[in-house]
Each structure stands twice: as structure tokens, then as C-alpha cells.
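The primary structure of each chain is shown beneath.
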Amino acid sequence: MITKYEVYRMAKIGCVAGLVGGFALFSSFFWIDSEVGVPFGTFYKMVGMAVGLHGLYAIAFGFIAHMLVASLIGATFCICSIMHKMLHISSVPKGIVAGAVTGIEVYAIFFMPITIYVMMPMIADHASGLYAVTEGDMQIARTLVQASDKILWGSLVLHVLFGAVMGLFSSMMLYEDYNMKQKEKKEKKPNWQKFESENWPST
């Protein structure tokens, strides 16, 4: 049975791993901005603009929202890992693979629908001048609309990278726990064999 302490502890580990994965993508978002041809911080700025913010406030809001979501994903990832024996992060390779798969799931279930049905229409409205924005923001929006396919594919790669980094750090932090459990199992087996040899008659 899973205790509240285990859930709380896994949530803390997951939050740390998620934040590490989020910071790992920090420079990658600037790489995407450079590839698309927009100013650094545009990804975060678009997130902030979706809630009506502009300028540095929009960038700050986007960054904070990104890190909060990353920590939430990490916490959910680690909590789910104790729900079933097959999901246990018992090794570094398993953690990396599980994290990468989680990144793909987050991309398909959350990122794609939000981007296609919320972000892209909003950006298209900014590009068409529907909102009162500066000429610079309007030009950025037009560039993003034209590069939408590149953004979607690049985001898939980043989600896999995020998941792999998150899984790596989760497995590193949990390695000692699972290693101790494996040692305990190995130590119990010789004791059982010894008990059997002493109490069962020889044939």
C-alpha cells in the first residue's frame, strides 16, 4: 500500500527533476527563436501575451508558467512510477526511456491541442492586426505563423529532451532507494535457504 509519505516524497523528487528538465530547455528555446528568426524570449512572450500581458511582463509570466508546468509534470511522473511495479524507475536507462515517453505523451495530449487551437489562432489574430500591438510584435506574429510547422517539430524534439533529462535525474535520485531494496532481497534469499537446509530432512 502506498503511503502519503511516499507520495509526498516522490512529488518532491519529481518537482526537482522537472525543474532540472525545464532549465535544460531554457537555452533550447532560445535556439528555436534563433532558428525561426525571432527575438530571444519570444516563446515565453507569446505565453504571456495569451493572458493579456506585454513586454517583459509577458516574458516573465511565460518563464514562470513554463517552470511550474515542468515541476508539475515531474511530480506526476514520479508519483505515477510507484503506482505499479512495471513503472518503477529502477535504473537510469529505464528512467531516461520512461521520461522520454512521458515527454511525447505531454506533447501529444497537452501541447499540440493548446498550440493548434489556442496559441496559433491567437498569433494569427496578432499577425492580422486584430489586436492593438506594436509593429514589431505584429511582424513577429507573422514570422511565427509562417514557421508554425518548424515550431511544432522542434517542440516535439524539446519535449523528448525534457522528458529524458527529467527521467535521468529522477533515476539518479531514486537509484539509492532501489539499490538498497535489491540488496535486501539478495540478503534475504541466503537466510531462507539456510533455514530450509537446517529444518528440512536431507533426501
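Look above for the structure.
Everything numeric in this text was worked out from a predicted model, so none of it was measured. (Residues numbered from 1 in each chain as written. Predicted model: local features only at pLDDT ≥ 70, side-chain atom pairs only at ≥ 80, totals over all residues. Heavy atoms only, no water.)

Q: It is not clear to me how the overall build of the chain should be interpreted in this structure. Could you clarify?
A: A count of helices and strands for the chain gives 7 helices and 0 strands. For the chain, the N- to C-terminal ordering of α and β elements is α-α-α-α-α-α-α. Classification of the 203 residues of the chain by burial places 38% in the buried group. If you sum the accessible surface of the chain, you get close to 12600 Å²; carbon and sulfur atoms cover 69% of it. (Helix = DSSP H or I, 4+ residues; strand = E, 2+ residues; numbered from the N terminus. Buried < 20%, exposed > 50% of the residue type's maximum accessible area, 1.4 Å probe, protein only. Areas by Shrake-Rupley, 256 points an atom, 1.4 Å probe, with all protein chains shown as cover.)

Q: For this particular structure, what's the right way to read the pattern of salt bridges?
A: When the charged atoms of two side chains lie near each other, side chains of opposite charge can form a pair. Taken as a whole and judged by the stated rule, the model has 1 salt bridge. A salt bridge links Lys45 to Asp137, with the shortest nitrogen-to-oxygen separation between them at 2.8 Å. Taken together, the residues Lys45 in helix α3 (residues 42–49) and Asp137 in helix α6 (residues 135–146) connect sequence positions 92 residues apart. (Salt bridge = Lys/Arg side-chain N within 4 Å of Asp/Glu carboxyl O.)

Q: Just to check I follow, could you spell out a nonpolar patch on the surface for this structure?
A: On the surface, a cluster of nonpolar side chains totalling about 640 Å² of accessible area is made up of Ile109, Phe110, Ile114, Ile116, Tyr117 and Val118. Within the element layout of this structure, Ile116 appears in helix α5 (residues 92–127). The exposure class assigned to Ile116 is partly exposed, which follows from its relative accessible area of 36%. (Patch = residues over 30% accessible without salt bridge, like charges linked within 9 Å, V, L, I, M, F, W, Y side chains within 5 Å.)

Q: Can you help me understand the side chain of Ser155 in this one?
A: Looking at where Ser155 falls in the secondary structure, it is placed in helix α7 (residues 148–199). We classify Ser155 as buried; its relative accessible area is 7%. Excluding anything up to four places from it in sequence, Ser155 contacts Ile32, Tyr107 and Phe111. (Contact = heavy atoms within 4.5 Å.)

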